[in-house]
Amino acid sequence: MKKEKITEDPEAFNVVKPETSKSKIPKFIKIIIGLIIILIFLFVFWELYQVYEVKDEEIKVYDGVSTISNSNIKPGNVLVQKIDLKSFDTGYLTKRTSDNLSYEIFNTKQEYDEFLQYATSAKVLTEEDFDNFIPIIVYKAGKDISYENRYAEMEYDNILLTEVDTTEEKLTLIVLPRVEETNVNIVIKNGNKIFLGNSENVLDKLQNNLNLFSEYFSRKYFNNEYLTNATFLIEDIKLVNDRANEFFLSKGDLQEPTGERITYWQAYVYLEQNTKYVLRVLIDCESGELVGAYDVSK
């Protein structure tokens, strides 16, 4: 039987596309839609730009020479004013420390002027004052709060206060020169210690005792295996009121607090090779001795 040769005709497989109907949307509507899309794009771009700008905004720092307006406070010094409560609602102060101290920090004149509506006898500050100074209002029921000292050369702006019993309810206004640190840590001083002055002092004391941390982690988590080239991250150095223990005397077996609650330097010490292993260490503010630690490993 003779086989027929089958040939393919390319033209036979062409598909004729139907004609598309022209859009019935008026031209001016298209223009409006286009403008809306452009506006949305510009809005998103502006929002992202604003976030970027806020991140890179220069932190205001005291210039070293300015004084608080209409005051006799010397350059670089702190203004402290006691303000009668009268009808002031202390609930206005939204922040609270572990010592039950209520406080508020005012970063702008607008924020501070809102406060002045409730405390009219408080010191009036100018826009220029906020370029170099920052006001803080503090209050604690039944206590007269005074400014003691400040340790700002570290991650935290550590502001140290003292308190005494009183029957006169008053707010305390503290106007401080601005510093580069933005994390504010307010502590009511307990005890009469002489304090290590900055993070370098505290770090020196910790770095001289790295072997204690290494020995503890080795025994606790690595079956006494020597931690070759162990390195540590030391972070979150700030003043706290806490109770020490005999952690280092007992090689970490005793973590329950044994001492009275007083003011210490606190630091978190992480094993860099595995940061889930971490100690919260307490350092005596006067001697620099490591007086306690708590294992807060994850």
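Conventions adopted
Residues numbered from 1 in each chain as written. Predicted model: local features only at pLDDT ≥ 70, side-chain atom pairs only at ≥ 80, totals over all residues. Heavy atoms only, no water. Helix = DSSP H or I, 4+ residues; strand = E, 2+ residues; numbered from the N terminus. Buried < 20%, exposed > 50% of the residue type's maximum accessible area, 1.4 Å probe, protein only. Expected span 1.5 Å × (residues − 1). Contact = heavy atoms within 4.5 Å. Pairing = 2+ DSSP bridges. Core = buried A, V, L, I, M, F, W, Y, C linked by side-chain atoms within 4.5 Å. Patch = residues over 30% accessible without salt bridge, like charges linked within 9 Å, V, L, I, M, F, W, Y side chains within 5 Å. Areas by Shrake-Rupley, 256 points an atom, 1.4 Å probe, with all protein chains shown as cover. Salt bridge = Lys/Arg side-chain N within 4 Å of Asp/Glu carboxyl O. pLDDT = per-residue confidence, 0-100. Phe/Tyr/Trp six-rings, centres within 6.5 Å; stacked < 30°, edge-to-face > 60°.

1. Some remarks on unusual backbone geometry
- Its identity as a non-glycine residue notwithstanding, Asn100 has a phi of 60 degrees, on the positive side.
- Structurally, the position occupied by Asn100 is in the loop between β2 (95-96) and β3 (102-105).
- Residues other than glycine seldom take positive phi values, yet Lys251 does so here, at roughly 55 degrees.
- Following the sequence through the fold, Lys251 ends up in the loop between β9 (232-243) and β10 (261-271).
- The class of Lys251 is exposed, set by a relative accessible area of 59%.

2. What about helix α5 (residues 210-221)?
- For α5, spanning twelve residues, the distance from its first C-alpha to its last is 16 Å, which sits close to the expected 16 Å at 1.5 Å a residue.
- Looking only at α5, the buried set comprises Phe213, Ser214, Tyr216, Phe217 and Ser218.
- Buried residues in α5 make contact with α4 (199-207), β9, β10, β11 (278-284) and β12 (290-295).
- Downstream of α5 by one or two residues, Asn223 has phi in the positive range, about 50 degrees.

3. Looking at the sheet that holds β3
- Reading across the sheet, the five strands line up as β1-β7-β4-β3-β2 and stay open at both edges, with antiparallel pairing between neighbours. Two strands bound the open sheet, and with one partner strand each, they are β1 (79-84) and β2.
- Relative to strand β7 (residues 170-177), β1 is paired through six bridges, and the arrangement is antiparallel. The residue of β7 that forms the bridge with Asp84 is Lys170.

4. Observations concerning the nonpolar core
- With 28 residues, the main nonpolar core has Leu206, Phe213, Phe217, Leu239, Trp265, Val281 and Ile283 as its most contacted residues.
- Secondary-structure elements contributing two or more residues to this core are α4, α5, β9, β10, β11 and β12.
- The residues touching Phe213, leaving out its near neighbours within four places in the chain, are Leu206, Phe232, Phe248, Val269, Leu279, Val281 and Leu290.
- Phe115, Ala119, Ile137 and Leu173 belong to the second-largest nonpolar core, a separate cluster that totals 22 residues.

5. A few points about the environment of Asn107
- Relative to the assigned elements, Asn107 resides in the loop between β3 and α2 (109-116).
- What makes Asn107 partly exposed here is its relative accessible area of 42%.
- Counting along the chain gives 28 residues from Asn107 to Pro135, while the straight-line C-alpha distance between them is 7.6 Å.
- Filtering out sequence-adjacent residues up to four positions away, Asn107 remains in contact with Phe130, Ile134 and Arg178.

6. Let's talk about a nonpolar patch on the surface
- On the surface, Ile31, Leu35, Ile38, Leu39, Phe41 and Leu42 cluster together into a nonpolar patch covering about 620 Å² of accessible area.
- If you trace the backbone, Leu39 turns up in helix α1 (residues 27-55).
- A residue is classified by how much of its surface remains accessible, and Leu39, at 56% relative accessible area, is exposed.

7. What to know about the confidence of the model for the protein chain
- Chain-level pLDDT for the protein chain is 85 on average; 86% of the residues reach the 70-or-more range.
- The weakest mean pLDDT in the protein chain belongs to α1 at 67; the strongest belongs to strand β4 (residues 133-139) at 97.
- Note that residues 52-56 has pLDDT below 50 and, in this model, zero contacts with residues that lie over four places away or in other chains.

8. What about the packing of aromatic side chains?
- One pass over the full model with this rule turns up 21 aromatic pairs.
- With centroids separated by 5.8 Å and ring planes inclined at 80 degrees, the aromatic side chains of Phe88 and Phe115 adopt a geometry described as edge-to-face. With a gap of 27 residues between them, Phe88 in the loop between β1 and β2 and Phe115 in helix α2 connect regions that are remote in the sequence.
- The buried category is assigned to Phe115, whose relative accessible area is 0%.

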